[in-house]
Amino acid sequence: MLLDIQSLVKSNDLLPDDELKELNAQRTLIQEQLDAIQALLARQTLQDGSTPNSSSAPVTPGRRRRKQLLAELSAYDTILAPHKRLPAELLSQIFILAYPDATFIPIQRGCSPVILSHVCSRWRSIALETPELWADLVLRFAAYTLLEPPQAIDVAEEWFRRGGDRIPKSLILIDQLRWSTSKWDKRELLLSVISRLVIPLAPTLGRLQLVVPRTLLRPLFSSTVFPQLRTLWLQFNPDEGDSPFTSHLNVFNKASLPQLVDMKFAEFGDILRPENMLDHLPWGSFTRLNLCGTRFSLDRCHSLLKQCKLVQECELTVSIKWNDSPEPTTQLILPHLRTLSVDFLHSEFTPSSLNGPPNVGSFFLPLVLMGLKTLTVSSIDPGRITRPAWGFERFMRFLAQSGPSLEVFKADLPFTYSTQSAASEVEAIAAALPPTLVELRIPTRLRFGESLSSELVARMREGEVLPNLKLLIGRVEELQVILDLVERRSESSCRLKYVAVDYEGASITAVQAGRIDRLREQGIVIDVNRVH
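Because the structure is predicted, anything quoted here is derived from the model rather than measured.

1. A few points about the overall build of the chain
Then step 1. Of regular secondary structure, the chain possesses 16 helices and 17 strands.
Then step 2. Of all 532 residues assigned to the chain, the portion counted as buried reaches 47%.
Then step 3. Pairs at least 24 residues apart make up 79% of the contacts formed inside the chain by residues separated by at least 6 positions.
Then step 4. On the chain, roughly 25,900 Å² of surface is accessible, and the fraction owed to carbon and sulfur atoms is 52%.

Following this line, the structure appears as structure tokens:
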């Protein structure tokens, strides 16, 4: 059998078994000839006393033959390389594993499956027949890129065409253009994305993330069906000058989103109203809900959560008022909720009732979250003097009825408006947290005075409070007590791994600095800062 070695070297085609057998036999003959030449040259070297492979050695017929055999052997090794024997199905899976993430358009060098199609004709064919490589795309609009936005849409359209209709698609739009751009009509660009990408792909879209103006919501979602869409993230772009909804627009249709489980409305402010949405979105199917920057009142948030019985991760922005403090009449049980993050916004400057200042405890009190693992409580402060208060007693009742296995607690809300001192509030909350907690983050602002007392830190040192804590960020009264805590914990199996605290009191001493250095040598990250 006469095989064209030079052609086979340049090809990655899968060879038949008889050709592979012939190639292996020929390679064995070449290896035997090379071994014989090597042995002959070695004997000649011993007789001549010359240095093997010396550049000054004369070029003899034996050395020329060895060079020729080495080149032939290299060619056969290339032809018989293991990857050339892989079937197309296995290569396809390897390509998928090599490029598991979304591709950016404009394409980033080295991060695109397009590279696979430049290796050889076989790889190109396999890559083009692997729809998973062409199903996940991030389309980025920016003023200064290799591809202008209209061209990027053209590339994205061809990209998804290669993916076919067999598997779900993912489209993420990152819009970094200003509405005032003079080079392109931004609204026309977004309409082009919707008409050329979103609507044609609607039957196969599994994930969609868009930055849209209000005026495009209705034409997109009121009549288009997304039978496979599971993740929908929408961010409102206020730069267009959109005004709030003037009427209750039912822009969503529950029947057109039958598989939706992950929903995000970001930065919609006050323009979305729950009364428009409760009957038009499949809230009962959501496992993830994100309403960051989309403000709902306390009672409307509770109304939404009542619908979300399966939610596992939830992020809310709650606008509370001075009269948001009546005692709840019913409990709100969310057995599957694992992660809850709430930003509170005080929506009034002055009191409007005698019920006391707005507090977050009114939001938390009806919640029963037995599976909660991570809780984040923060405040959006638009430059106002009055901020939401904790509602200490109600928040403590919430902790008592929820979160027996809480692992992470982050608080970025001042401990104010209380009959107790701020310090006693933060201590009581810290002491009430379950022993399962591994991460505690509390405010460090000096003006709020939320220091952990030396007595509480001493209890933590002895393992009476938060015995499994691994990360601590906050403020303490004295540096000495935090060093004692970290050193004592370093001797046990429940050692702290990360500590970042502000401390009051005297400046650090040389002895304390030495103790910190020794803790760092043990692999503990410790950062201390004295506040005045």
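2. Some words on the environment of Val-119
Then step 1. Note on placement: Val-119 falls in the loop between β1 (103-105) and α5 (121-128).
Then step 2. What makes Val-119 partly exposed here is its relative accessible area of 44%.
Then step 3. With 107 residues separating them along the chain, Val-119 and Asn-12 place their C-alpha atoms 8.9 Å apart.

3. Structural notes on the environment of Ile-526
Then step 1. Looking at the element boundaries, Ile-526 is found in strand β17 (residues 525-530).
Then step 2. Setting aside anything within four residues of it in sequence, one finds Ile-526 in contact with Leu-483, Val-499, Ile-516, Leu-519 and Arg-520.

4. Concerning the packing of aromatic side chains
Then step 1. Summed over the entire model, instances satisfying the criterion amount to 11 aromatic pairs.
Then step 2. On the basis of an interplanar angle of 85° and a centroid distance of 5.1 Å, the ring pair of Phe-363 and Phe-364 is categorised as edge-to-face. A single burial state applies to Phe-363 and to Phe-364, both of which are buried.
Then step 3. Look at Phe-364 and Phe-395: their rings are 5.3 Å apart centre to centre, the planes differ by 85°, and that puts the pair in the edge-to-face class. Here Phe-395 lies in helix α12 (residues 392-401) and Phe-364 lies in helix α11 (residues 361-364), a separation of 31 residues in the sequence.
Then step 4. Classification of Phe-364 by relative accessible area gives buried; the value is 0%.
Then step 5. Members of the aromatic cluster, each reached through a chain of ring pairs, are Phe-344, Phe-363, Phe-364, Phe-395, Phe-398 and Phe-409.
Then step 6. Taking NZ or CZ as reference, Arg-162 lies 4.9 Å from the ring centre of Trp-134, over its face.
Then step 7. Across from the ring centre of Trp-233, 4.8 Å away, lies the NZ or CZ of Arg-207, which sits over that ring.

5. Points about the confidence of the model for the chain
Then step 1. Overall, the predicted model of the chain reaches an average pLDDT of 81, with 82% of residues at or above 70.
Then step 2. Contacts of residues 244-249 to residues separated by more than four positions or lying in other chains number 13 contacts, the stretch itself having pLDDT below 50.
Then step 3. Predicted confidence is poor over residues 349-355, with pLDDT under 50, and the contacts of this stretch with residues over four places away or in other chains come to 12 contacts.

6. Re the side chain of Glu-439
Then step 1. Topologically, Glu-439 is positioned in strand β14 (residues 439-441).
Then step 2. For Glu-439, the side chain forms a polar contact with the side chain of Arg-441, separated by 2.6 Å.
Then step 3. For Glu-439, the residues in contact, after removing those within four places along its chain, are Glu-407, Val-408, Phe-409, Lys-410, Leu-469 and Leu-471.

7. Looking at the nonpolar core
Then step 1. Membership of the largest hydrophobic core comes to 118 residues, with the highest contact counts inside it found for Leu-139, Phe-363, Phe-364 and Phe-409.
Then step 2. The biggest single contributor to this core is helix α7 (residues 186-201), with 7 residues.
Then step 3. Counting 15 residues, the second-largest nonpolar core is a separate cluster that includes Ile-5, Leu-23, Ile-37 and Tyr-76.

8. As for the side chain of Asp-175
Then step 1. Mapped onto the elements of the fold, Asp-175 is located in strand β3 (residues 169-175).
Then step 2. Owing to a relative accessible area of 15%, Asp-175 belongs among the buried residues under this scheme.

9. Some details on the pairing of strand β5 (residues 231-236)
Then step 1. Here β5 lies mainly inside the structure; 5 of its 6 residues are buried.
Then step 2. Judged from the 6 bridges that link them, strand β4 (residues 205-212) and β5 form a sheet pairing that is parallel. Along β5, the bridge assignment pairs Leu-210 with Leu-234.
Then step 3. Across 5 bridges, β5 lies against strand β6 (residues 262-266) in parallel orientation. Following the sheet pairing, Trp-233 is matched in β6 by Lys-264.

10. Digging into the state of the cysteines
By definition, a disulfide links the sulfur atoms of two cysteine residues through a covalent bond.
Then step 1. Counted under the stated rule, the structure contains 0 disulfides.
Then step 2. Not engaged in a disulfide, the cysteine Cys-301 finds its nearest cysteine sulfur in Cys-314; these two sulfurs lie 8.1 Å apart.
Then step 3. Cys-308 supplies the cysteine sulfur nearest to Cys-314, a cysteine that is in no disulfide, at a spacing of 6.9 Å.

11. Section: the environment of Gln-176
Then step 1. Position of Gln-176 among the secondary structure elements: in the loop between β3 and α7.
Then step 2. Sequence separation between Gln-176 and Arg-140 is 36 residues; the distance between their C-alpha atoms is 7.4 Å.
Then step 3. Each residue touching Gln-176, except ones within four places of it in the same chain, is listed here: Arg-140, Phe-141 and Ala-142.

Cut-offs used in this document
- Residues numbered from 1 in each chain as written.
- Predicted model: local features only at pLDDT ≥ 70, side-chain atom pairs only at ≥ 80, totals over all residues.
- Heavy atoms only, no water.
- Helix = DSSP H or I, 4+ residues; strand = E, 2+ residues; numbered from the N terminus.
- Buried < 20%, exposed > 50% of the residue type's maximum accessible area, 1.4 Å probe, protein only.
- Contact = heavy atoms within 4.5 Å.
- Areas by Shrake-Rupley, 256 points an atom, 1.4 Å probe, with all protein chains shown as cover.
- Phe/Tyr/Trp six-rings, centres within 6.5 Å; stacked < 30°, edge-to-face > 60°.
- Lys NZ or Arg CZ within 6 Å of the ring centre and 35° of its normal.
- pLDDT = per-residue confidence, 0-100.
- Polar contact = N/O pair within 3.5 Å; in protein donor to acceptor, adjacent residues only side chain to side chain.
- Core = buried A, V, L, I, M, F, W, Y, C linked by side-chain atoms within 4.5 Å.
- Pairing = 2+ DSSP bridges.
- Disulfide = S-S within 2.5 Å.

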